[in-house]
Amino acid sequence: MKAYRKELFFDVSTRRAFIHITHQVDECLIESGIQEGFCLVNAMHITASVFINDNEPGLHQDYEEWLERLAPHEPISQYRHNRTGEDNGDAHLKRQVMGREVVVAVTEGRLDLGTWERIFYGEFDGKRRKRVLVKIIGE
Ligand code: ZN
């Protein structure tokens, strides 16, 4: 069995963003040389997500508005977490809803995604460098 590990870095200039990363994960898979197995992609931060859905800008705007209704950033005083001096209480909740990781099957050297499935990085507390782990195992 082969094992491959790589960290991807993101430095988002805004507080929140959704970034399409399917191509970067594809490149990892090619680099790994693995033909059959599994590919795990996870955010290594508790205020960011990795998820799979449609690459459609309207949907991403819907996520942004829906998440802001569920857990508005302001006023920051509404979150107990922010009593620690942080201002990212909302980002922890948004991350919980959007998830930590995805696992994609690898078949014949390709990510075995559904027709409209694409992989995204969700940033909820940006303006700093953050990491995503790609781990691929198989043969
Ligand atoms: Zn925090």
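Below you will find a few notes about this structure. Predicted model, so just to flag it, every value in this text is computed and none were measured.

1. Quick notes on the packing of aromatic side chains
By the definition in use, this model includes six aromatic pairs. Ring geometry for F51 and Y63: centres 5.5 Å apart, planes at 80 degrees, overall edge-to-face. Of the two residues, F51 sits in strand 4 (residues 48-53) while Y63 sits in helix 2 (residues 57-70), which places them 12 residues apart along the sequence. A residue is classified by how much of its surface remains accessible, and Y63, at 11% relative accessible area, is buried. Connected via pairs of aromatic rings, a cluster forms that spans F18, F51, Y63, F120 and F124. Over the face of the ring belonging to F9 we find R129, whose NZ or CZ atom lies 4.1 Å from the ring centre.

2. Points about the sheet that holds strand 4
Strand order in the open sheet formed by three strands is 2-7-4, and the pairing between neighbours is antiparallel. On the outer flanks of this sheet lie strand 2 (17-20) and strand 4, each paired with one strand and no other. Strand-to-strand twist of the sheet, defined as the mean angle between neighbouring strand axes without regard to direction, takes the value 30 degrees. Here strand 2 runs beside strand 7 (residues 118-123); their pairing, made up of four bridges, is antiparallel. Within the sheet, the bridge partner assigned to F18 lies in strand 7 and is G122. Running over the sheet, helix 3 (residues 89-98) touches strand 2 and strand 4 and is turned about 30 degrees from strand 4.

3. Describing the nonpolar core
Formed by 24 residues in total, the largest nonpolar core has its most connected members in C39, V41, V50, I119, Y121 and I136. Elements with a contribution of two residues or more to this core: strand 1 (2-11), helix 1 (22-32), strand 3 (37-43), strand 4, strand 5 (101-107), strand 7 and strand 8 (129-138). Ignoring anything within four residues of it in the chain, the contact list for V50 reads V41, N42, A43, M98, G99, R100, E101, V102, I119, F120, Y121 and V132. By size, the runner-up hydrophobic cluster in this structure holds seven residues, among which are L67, M98, F120 and F124.

4. Examining the coordination of the zinc ion
Taken together, the protein donors to the zinc ion comprise H81 (NE2), E86 (OE), E86 (OE), N88 (OD1) and H92 (NE2), at separations of 2.1 to 2.7 Å. Looking at H81, the relative accessible area reads 29%, which means it is partly exposed.

5. A look at the sheet that holds strand 5
If you trace the five strands from one edge of the open sheet to the other, you get 1-8-3-5-6, paired in antiparallel fashion. Two strands bound the open sheet, and with one partner strand each, they are strand 1 and strand 6 (110-111). Direction of pairing for strand 5 relative to strand 6: antiparallel, over a ladder of two bridges. Bridge pairing links T107 to R110 in strand 6. Contacting strand 1, strand 3, strand 5, strand 6 and strand 8, helix 1 crosses the sheet at an angle of about 150 degrees to strand 1.

6. Digging into a negative patch on the surface
The grouping of E36, E108, D112 and E139 at the surface amounts to a negative patch. Tracing the backbone through its elements, the reader meets E108 in the loop between strand 5 and strand 6.

What counts, and at which threshold
- Residues numbered from 1 in each chain as written.
- Predicted model: local features only at pLDDT ≥ 70, side-chain atom pairs only at ≥ 80, totals over all residues.
- Heavy atoms only, no water.
- Phe/Tyr/Trp six-rings, centres within 6.5 Å; stacked < 30°, edge-to-face > 60°.
- Helix = DSSP H or I, 4+ residues; strand = E, 2+ residues; numbered from the N terminus.
- Buried < 20%, exposed > 50% of the residue type's maximum accessible area, 1.4 Å probe, protein only.
- Lys NZ or Arg CZ within 6 Å of the ring centre and 35° of its normal.
- Pairing = 2+ DSSP bridges.
- Axes fitted to C-alpha atoms, helices over the stretch in contact; angles between N-to-C directions.
- Contact = heavy atoms within 4.5 Å.
- Core = buried A, V, L, I, M, F, W, Y, C linked by side-chain atoms within 4.5 Å.
- Donors = N, O, S within 2.8 Å, 3.2 Å for Na, K, Ca; no water.
- Patch = residues over 30% accessible without salt bridge, like charges linked within 9 Å, V, L, I, M, F, W, Y side chains within 5 Å.
- Areas by Shrake-Rupley, 256 points an atom, 1.4 Å probe, with all protein chains shown as cover.
- Salt bridge = Lys/Arg side-chain N within 4 Å of Asp/Glu carboxyl O.
- Lys, Arg positive; Asp, Glu negative; His and termini not counted.
- Charge placed at Lys NZ, Arg CZ, Asp CG, Glu CD.

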